[in-house]
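Structure at a glance
So the chains spell out like this:
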Amino acid sequence: MRRSNFFTLFFSAILLFSTTGFATQKLDIAVPVFDPGIPNDYSEQEKRGIFPEVRRAEANFLALQLASALTNAGHWGAVRVMPSRENVVSDIVIHARIQESTGGSFKASVLAVDSTGKRLLKKNYKQDVHPRFYVDRRNRGRDPYDKVMSEIVRDLHAKTRKMKASSIRKIRNTTTLRYGTMIAPDAFDGALKVSGKKTTRWKIKHMPAENDPMLQRVNMLRVRDNMFVDAMQTTYQNFSRNMSEDYLSWRKESSIEYQAMKKAKKKARGRIFGGILAAVAGVVVAAETKGEYGDAAAIGLMAAGAVSIASGVEKNMEGKQYKEMMTQHARSFDAALEPQVVEFEEETATLTGTIEEQFAQFRALLARVYESETSVS
């Protein structure tokens, strides 16, 4: 096996100590980017006031907001935003899905599970935001959805604050083995028992000794994995900082415009329906009456119906204008990530694409490093 450099061994030693030392009282948390909850049906998107560009930006922004709230609470260890909702291994993972976000109303479903697969929290959260919130100077610096984030922190803390040290140690050990299974499935085959149909559960069957070379190598890779993810937090923070003002403005306008759009559509439907009734009534009058007075009444009703229908169509156009205004805001929510070159041991890789794609490429690099190390006698 090739010799690891000093710093790699140093960080590996820190991680090994953290699994048995003081850090056993602190569980790490991973917050994958929120599921934006975008339906595939375009008509359903329009019906629910969902604009994909905005939702995808929100999914990143809100994940960082939740991670910040969890970090500030100080009840847990490292809290990291993860770029993918797949293959996330941590002591606790919080999955969230945006159900509604219009600036005036926010709904999200939240599921928190520990690394053994035990459900810690499953709850739907809702918050209504009055349009005056956005113009009240006392709310400067506050986020409209802070209340939801605080509720999630409070509910999760209620589930974890009374955990015994033995339970925390079991969770952390399970996290280590699950990570090892993900990076080197053959080497850790049989270490965990996996059960459950609807909900997957992991149970430790065999825990390698702390000085086991296989475990040390995996811990070394996990340190580098965490360092890479920690570096990505800066990317999320910059993205959040850059879009914060625009996003707040969008929510402010959306809370007003979305309500106006619904009212415009309601008025449009009413006017069109009323116009159709008037036009039909005109036809009936024309058929049942004779003389110039009857003809004039029929023409009047049909003309009024046509005007009402035209007015309704105009209101529908107003609704489309509101949509176009919000779409213009959404176009500014795009985070570009530059390619980066990473080097580990004698392996070098150029990571390109989205932050999720670069993370997947880095994970593949770690797997190659482990395989190359173990294949050398």
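This text goes with the structure placed above it.
Residues numbered from 1 in each chain as written. Predicted model: local features only at pLDDT ≥ 70, side-chain atom pairs only at ≥ 80, totals over all residues. Heavy atoms only, no water.

Across its full length, the protein carries eight helices and nine strands. The long-range fraction of contacts in the protein, counting pairs at least 24 apart against all pairs at least 6 apart in sequence, stands at 69%. By element, 52% of the accessible surface of the protein is carried by carbon and sulfur atoms, the whole surface being about 20,800 Å². (Helix = DSSP H or I, 4+ residues; strand = E, 2+ residues; numbered from the N terminus. Contact = heavy atoms within 4.5 Å. Areas by Shrake-Rupley, 256 points an atom, 1.4 Å probe, with all protein chains shown as cover.)

Quick look at empty space enclosed by the protein now. As enumerated under the stated definition, the model contains one cavity of 30 Å³ or more in all. For the largest cavity, the lining is made up of 16 residues, of which Arg80, Val89, Ser90, Arg222 and Asn226 are closest to its centre. Counting residues per element, the ones that place at least two in the lining of the largest cavity are strand E1 (29-32), strand E2 (79-82), helix H5 (165-183) and helix H6 (213-288). Counting residues per element, the lining of the largest cavity draws most heavily on H6, which supplies four residues. Looking at side-chain class alone, the lining of the largest cavity contains seven nonpolar, three polar and six charged residues. (1 Å grid on protein atoms, 1.4 Å probe; cavity = no way out; pocket = protein on both sides within 12 Å on 5 of 7 lines; lining within 4 Å. Points joined across faces, edges and corners; volume = space filled by probe spheres on them. Nonpolar A, V, L, I, M, F, W, Y, C, P; charged D, E, K, R; others polar.)

Before going further, it helps to spend a moment on the pairing of strand E4 (residues 105-114). Burial of E4 is extensive: eight of the ten residues sit out of reach of the surface. By the bridge criterion, nine bridges tie strand E3 (residues 92-101) to E4 in an arrangement that is antiparallel. Note that in E4 the partner of Glu100 across the bridge is Lys107. Taking the residues between adjacent antiparallel strands as the criterion, E3 and E4 are bridged by three residues, where Gly103 takes a positive phi near 90°. Pairing geometry for E4 and strand E5 (residues 119-128), over nine bridges, is antiparallel. Each bridged residue has a counterpart across the sheet, and for Ala112 the counterpart in E5 is Leu121. (Buried < 20%, exposed > 50% of the residue type's maximum accessible area, 1.4 Å probe, protein only. Pairing = 2+ DSSP bridges.)

Before going further, it helps to examine H5. Spanning 19 residues, H5 covers 27 Å between terminal C-alpha atoms, matching the ideal 27 Å at 1.5 Å per step. Turning to H5, its buried residues number three or more, namely Ile168, Ile171, Arg172, Asn173, Thr174, Thr175, Thr176, Leu177, Arg178, Tyr179, Gly180 and Ile183. (Expected span 1.5 Å × (residues − 1).)

A few words now on the sheet that holds E3. Within the open sheet, the five strands sit side by side as E2-E1-E3-E4-E5. Their pairing is mixed. Strands with a single pairing partner mark the edges of an open sheet, and in this sheet they are E2 and E5. The mean angle between the axes of side-by-side strands here comes to 20°, regardless of whether they run parallel or antiparallel. Pairing between E1 and E2: four bridges, direction parallel. Residue pairing across strands places Pro32 opposite Met82, the latter belonging to E2. (Axes fitted to C-alpha atoms, helices over the stretch in contact; angles between N-to-C directions.)

Moving on, we come to the packing of helix H3 (residues 52-73) against helix H4 (residues 146-160). The angle between the axes and the distance between the axes are what describe a pair of packed helices. Packing of H3 against H4 brings their axes to within 9 Å, and their N-to-C directions diverge by 50°. The pairing of H3 with H4 is recorded here as oblique in orientation. The two elements H3 and H4 cross, and the hand of that crossing is right-handed. In this structure, H3 uses Leu62, Gln65, Leu66, Ala69, Leu70 and Ala73 to contact H4, whose residues at the interface are Asp146, Met149, Ile152, Val153 and Leu156. Along the lines of polarity and charge, the residues of the contact of H3 with H4 split into nine nonpolar, one polar and one charged. (Parallel < 35°, antiparallel > 145°, perpendicular 65-115°, else oblique. Left-handed = near helix turned anticlockwise from the far one by under 90°.)

Once that is clear, we can look at the pattern of salt bridges. Per the stated rule, a full pass over the model turns up nine salt bridges. Measuring nitrogen to oxygen at the nearest pair gives 2.7 Å for the salt bridge that ties Arg97 to Asp35. Taken as a pair, Arg97 in strand E3 and Asp35 in the loop between E1 and helix H2 (42-47) lie far apart in primary sequence, 62 residues in all. The residue Glu100 makes a salt bridge to Lys107 at a minimum N-O spacing of 3.5 Å. The exposure class assigned to Lys107 is partly exposed, which follows from its relative accessible area of 28%. One continuous salt-bridge network, built from bridges that share partners, spans Lys123, Arg154 and Asp155. (Salt bridge = Lys/Arg side-chain N within 4 Å of Asp/Glu carboxyl O.)

Here we take up the nonpolar core. Grouped together as the largest cluster of nonpolar side chains are 78 residues, with contacts concentrated most on Ile29, Val31, Phe34, Leu62, Leu70, Ile94 and Leu221. Ranked by residue count, the leading element in this core is H6, at 13 residues. Contacts of Leu62, omitting those with residues within four sequence positions, involve Phe34, Ile98, Phe106, Tyr145, Met149 and Tyr247. (Core = buried A, V, L, I, M, F, W, Y, C linked by side-chain atoms within 4.5 Å.)

On to H3. The end-to-end C-alpha separation of H3 is 32 Å, in line with the 32 Å expected for 22 residues at 1.5 Å each. At the exit of H3 stands Gly74, carrying a positive phi of roughly 75°.

Here we come to the side chain of Ser115. Locating Ser115 in the fold gives a position in the loop between E4 and E5. Classification of Ser115 by relative accessible area gives buried; the value is 1%. Among all residues touching Ser115, those that are not within four sequence positions of it are Ser90, Asp91, Ile171, Thr174, Thr175, Arg178 and Trp202.

None of the figures reported here should be taken as evidence of function without further support.
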